Structure formats: structure tokens, C-alpha cells
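Chain by chain, the residues run as shown.
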Amino acid sequence: MNVLILGNGQLGQMLGQASIQLGHECLLVNTRTNQVMPVGAHTAVSLSLEQAVAWADVVSWEHEQISDQHVALAQHKLLTDPAQIKPLTHRQHEKALCDELTLATSPWQAFQTASELEAILQQWQGKAVIKAAEGGYDGKGQWRWQPNDPIAPLLETAGQQPGIVEAMIPFSREVSIVGARHRDGSIHCYPLVENVHTQGILSYTLANLTAIPAHLQATAEAWFAKLTAHLGYVGTLAIEFFVVGEGDSATLLVNEVAPRVHNSGHWSMIGSNCSQFSLHMRSLTGALIPPLQNNPVLMLNVIGVVEIPATLWRDPSAQPFWYGKEARPGRKVGHVNVQVQDIEQAKGYINTYTKALHI
Ligand code: ATP
Ligand code: MG
């Protein structure tokens, strides 16, 4: 098949690699310039966007910020209706969707103006996180607040665009589920993985390394099924959760939904018989999917630094993935998947490397 991906960042490239492995042809669209690119190159091919859409049998995306122009051009080749996932690009609508589907999420209130934000905070109990409704990622567009903090400075920043005020959740840990819904409505999910964030950015993922109560996996899969069926979604999707409490009494709160392949699924590139990228491409193209078999992996994000330590390049258990992006503080420029035996070994890598890998 001919596959066209909207977006040519690292997720687009990894989707491209997976589609090549499955025998497809793949082109990527730089969604800022509308240039059409081959996988692995930044030199455009001489096809217009319209011609590339005509060439494609199926169109998909690496990120959910899809412009009206791209929707209008590619709608008939997309397997998920972009109008359905639009609420997930706006935190007020995303939270409202969770409430509508009765997927538990942190208590929240919407504001449109600075004075509405002020009114909410004046009666808010406890610590809060304020999030811009649109455009936030990797902890950007977020502000923390607690009772007795001044409200006025926030009105000049957080209050300058619509957003939500959300209760700060004292979570015991953060987990995410990555899986895919296929054309026939069936579902394959990976086990819940544990994610550790630093300053709002994913620092590392522990996959198949920590004991996650079975009832949380069952809940996460049930919510995944309910949400993706509601969206009429086809492909890989991720849900990030807060875990509240421990053991048998632990419960999940939905934090965010990403209707695409996700950073917390990168471990699957070496830790599963079918990576999240292959799973997405197989879902789109109607290919067979095996039962998922998964191994312990530590995924370390590489953030802001210009290189990965030589010892990791030489480590036979480590597979570095370098995105070829200009390094800037707080920008994800690569990740390293490390095959580990157990959590102790994972902790050894975390202690040795996270400082060198994050700016
Ligand atoms: P992403 O890049 O995953 O889209 P993001 O910047 O859009 O992230 P969130 O996932 O909402 O935003 O927040 C980033 C991180 O900040 C969370 O993973 C969590 O560690 C922390 N955080 C966000 N909201 C809350 C909350 N209500 N309570 C506690 N911690 C929170
Ligand atoms: Mg998040």
C-alpha cells in the first residue's frame, strides 16, 4: 500500500520505518511547509500535497494537531474521522469527554477569561494545576498554584487564554496504556507501563518491570475500549493515568489522551514482538496482528543534550534512537531503550545516566 503520514518528526519517521518493514511505500508531510518528504530525509520530493494524497491508499498522522486544510484534503483517506479526535486537542473538551464517558479524571473547572480564572481560584480548595486549553505539551502551558499563593500574577499568564483549573493529584505513580483498535473494532493493548516525569517532561518509562495490580490493567483496557469505540478510532492510541492509592485499593484517573503513537510506547521497539509503530501500521492496513509478547525494558528519554554518552552507544543492552533534531533545553532529541533483567538493573541505569541525558 501507499501510506502518507501527516508530520515528519520522530514519530512520523518511526511510523515510516514500520511501514517499510511491512512492505509498504511511505511518504511524510512536513505539516508546517506542506512539503512531501521520503522517510529518513529532509529533501522534498517533487509532489504537491494534493498529488501525495492522490498517491496514498491511506493517510494517517503523527500528531493530532491537524489543520482544516489537511482535513479537507485527506479526509477520504483517513480511517479515523479527525472531527472525532478534535476534542482531544483542547483540554476543556478532553475533560468533558472523560466526564461524558464516565472515565474518572481529576476534578476540574473551565475558564475562558482571567476574571473567570480569578473567581475559580478564590473558592478553590487545595493545590491546583492550571493548564492552557490548547497548545501545551511536555509541561508547557501549565502553572502550579496553592492556597495563599497570590492570584494576580497568574491572571497575566495563565489567564491570558482559555484553560482549566485542575486539582493537583497526590498520585502514587503515573502509568499509561498504549494499544490499538483495528478496523474490525478488536483491540490489542500492551501492559500498563510506569512513567516518571521531571518538570512535566517524560524522563523514563519502566515497561514490564514493576508490579501493576491486575485490576488496574483491566480498568485501563476497559476505558481504552470504551473511548476508542466512541471515537470510531483506528490505530495506536495512548492514555496517561495517575494512580491514586496503592495495591488492591489503587484507582486510575485519566490525565491525558494522545490519539497517536506515544513516547511512553517507545520501549516496544525492542521490548515487544510488535512495536507500537508496527501495531499502528498493521491496524491501518488491515494486516494480521500476533498476540503481544512483551519483555522488560527501560526507556530513557534524551532531552536537550547534544549527544548520548559513548558508554551507552557501546552498551550491548542499549539501543539508542537519535532524532537528528537541534538540541534545545527541554526538547526531546532521542531515546535509549535498554534491555534489563529487573528493576534493580533499571535503577542502576537511571542513576548512572539521567543526569547526562537531560537538560
Ligand atoms: P504531554 O507532553 O504528555 O502531552 P503535557 O505537558 O501536555 O504532557 P500533562 O500530561 O497534563 O501535560 O502534564 C505533564 C505532567 O505534569 C504529568 O505527567 C504529571 O507528572 C504532572 N501533572 C500534570 N497535571 C497534574 C495534576 N493534576 N496533578 C499532579 N501532577 C500533574
Ligand atoms: Mg502528558
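A full pass over the atoms with the stated rule returns two cavities of 30 Å³ or more. By volume, the largest cavity is sized at about 60 Å³. Surrounding the largest cavity, Val59, Ser60, Trp61, Leu78, Leu79, Thr80, Tyr233, Val234, His280 and Leu284 form its lining. At three residues, strand S4 (residues 58–61) tops the list of elements feeding residues into the lining of the largest cavity. Its residues assigned to classes, the lining of the largest cavity comprises seven nonpolar, three polar and no charged. Per-domain counts for the lining of the largest cavity show at least three residues from each of domain 1 (2–78) and domain 3 (173–357). Roughly 30 Å³ of internal volume is contained in the second largest cavity.

Right, let's talk about the site of ligand 1 for a bit. Around ligand 1 sit 21 residues in total, of which Lys131, Asp138, Gly139, Glu166 and Glu174 are the nearest. Residue Ala167 places a main-chain N or O atom 3.0 Å away from a nitrogen atom belonging to ligand 1. At a separation of 3.0 Å, an oxygen atom of ligand 1 approaches a polar side-chain atom of Glu240. Relative to its unbound accessible area of 610 Å², ligand 1 is 92% covered by the protein chains. Elements with a minimum of two residues in the shell around ligand 1: strand S6 (128–132), strand S7 (142–145), strand S8 (163–167), strand S13 (235–244) and strand S14 (251–258). Split into classes, the residues belonging to the shell around ligand 1 amount to seven nonpolar, six polar and eight charged.

Our focus in this paragraph is the nonpolar core. Membership of the largest hydrophobic core comes to 41 residues, with the highest contact counts inside it found for Leu227, Ile239 and Phe241. If one sorts the elements of this core by residue count, helix H8 (residues 214–231) sits on top with six residues. Residue assignment places this core across two domains, with domain 1 (2–78) and domain 3 (173–357) each supplying three or more. Excluding residues within four positions of it along the chain, Phe241 makes contact with Arg173, Glu174, Val175, Ser176, Ile177, Leu192, Ala220, Trp223, Leu252, Leu253, Val254 and Asn255. In terms of nonpolar packing, the next biggest core, distinct from the first, is built from 19 residues, Ala318, Val336, Val338 and Tyr353 among them.

The next thing to look at is the pairing of strand S1 (residues 2–6). Among the five residues of S1, five are classified as buried, and the element is accordingly described as predominantly covered. Every second residue of S1 is oriented toward a common face, with Asn2, Leu4 and Leu6 on one face and Val3 and Ile5 on the other, all of them buried. Strand direction decides the pairing type here: S1 and strand S2 (residues 25–29), joined by five bridges, are parallel. By the bridge assignment, Asn2 is partnered in S2 with Glu25. In this fold, S1 hands off to helix H1 (residues 10–21), which returns the chain to S2; that crossover is right-handed. With four bridges connecting them, S1 and S4 associate as parallel partners. Its bridge partner being in S4, Leu6 is matched across the sheet by Trp61.

Once that is clear, we can look at the coordination of the magnesium ion (ligand 2). The magnesium ion (ligand 2) binds to the protein through Glu240 (OE), Glu240 (OE) and Glu256 (OE); the donor distances cover 2.1 to 2.6 Å. Glu240 gets classed as buried once you look at its relative accessible area, which sits at 11%.

With that settled, consider the sheet that holds S4. Strand order in this open sheet of four strands is S3-S2-S1-S4, and the pairing throughout is mixed. Looking at strand neighbours, the two that pair on one side only are strand S3 (36–38) and S4, the edges of this open sheet. Here the strands of the sheet are splayed against their neighbours by 30 degrees on average, with no regard to which way each runs. H1 contacts S1, S2 and S4 of the sheet and is inclined by roughly 170 degrees relative to S2.

Rules used throughout
- Residues numbered from 1 in each chain as written.
- Chains lettered and ligands numbered in written order.
- Predicted model: local features only at pLDDT ≥ 70, side-chain atom pairs only at ≥ 80, totals over all residues.
- Heavy atoms only, no water.
- 1 Å grid on protein atoms, 1.4 Å probe; cavity = no way out; pocket = protein on both sides within 12 Å on 5 of 7 lines; lining within 4 Å.
- Points joined across faces, edges and corners; volume = space filled by probe spheres on them.
- Helix = DSSP H or I, 4+ residues; strand = E, 2+ residues; numbered from the N terminus.
- Nonpolar A, V, L, I, M, F, W, Y, C, P; charged D, E, K, R; others polar.
- Domains from an automatic or database assignment.
- Near = heavy atom within 4 Å.
- Polar contact = N/O pair within 3.5 Å; in protein donor to acceptor, adjacent residues only side chain to side chain.
- Areas by Shrake-Rupley, 256 points an atom, 1.4 Å probe, with all protein chains shown as cover.
- Core = buried A, V, L, I, M, F, W, Y, C linked by side-chain atoms within 4.5 Å.
- Buried < 20%, exposed > 50% of the residue type's maximum accessible area, 1.4 Å probe, protein only.
- Contact = heavy atoms within 4.5 Å.
- Pairing = 2+ DSSP bridges.
- Right-handed = clockwise from strand over helix to strand, strands pointing away.
- Donors = N, O, S within 2.8 Å, 3.2 Å for Na, K, Ca; no water.
- Axes fitted to C-alpha atoms, helices over the stretch in contact; angles between N-to-C directions.

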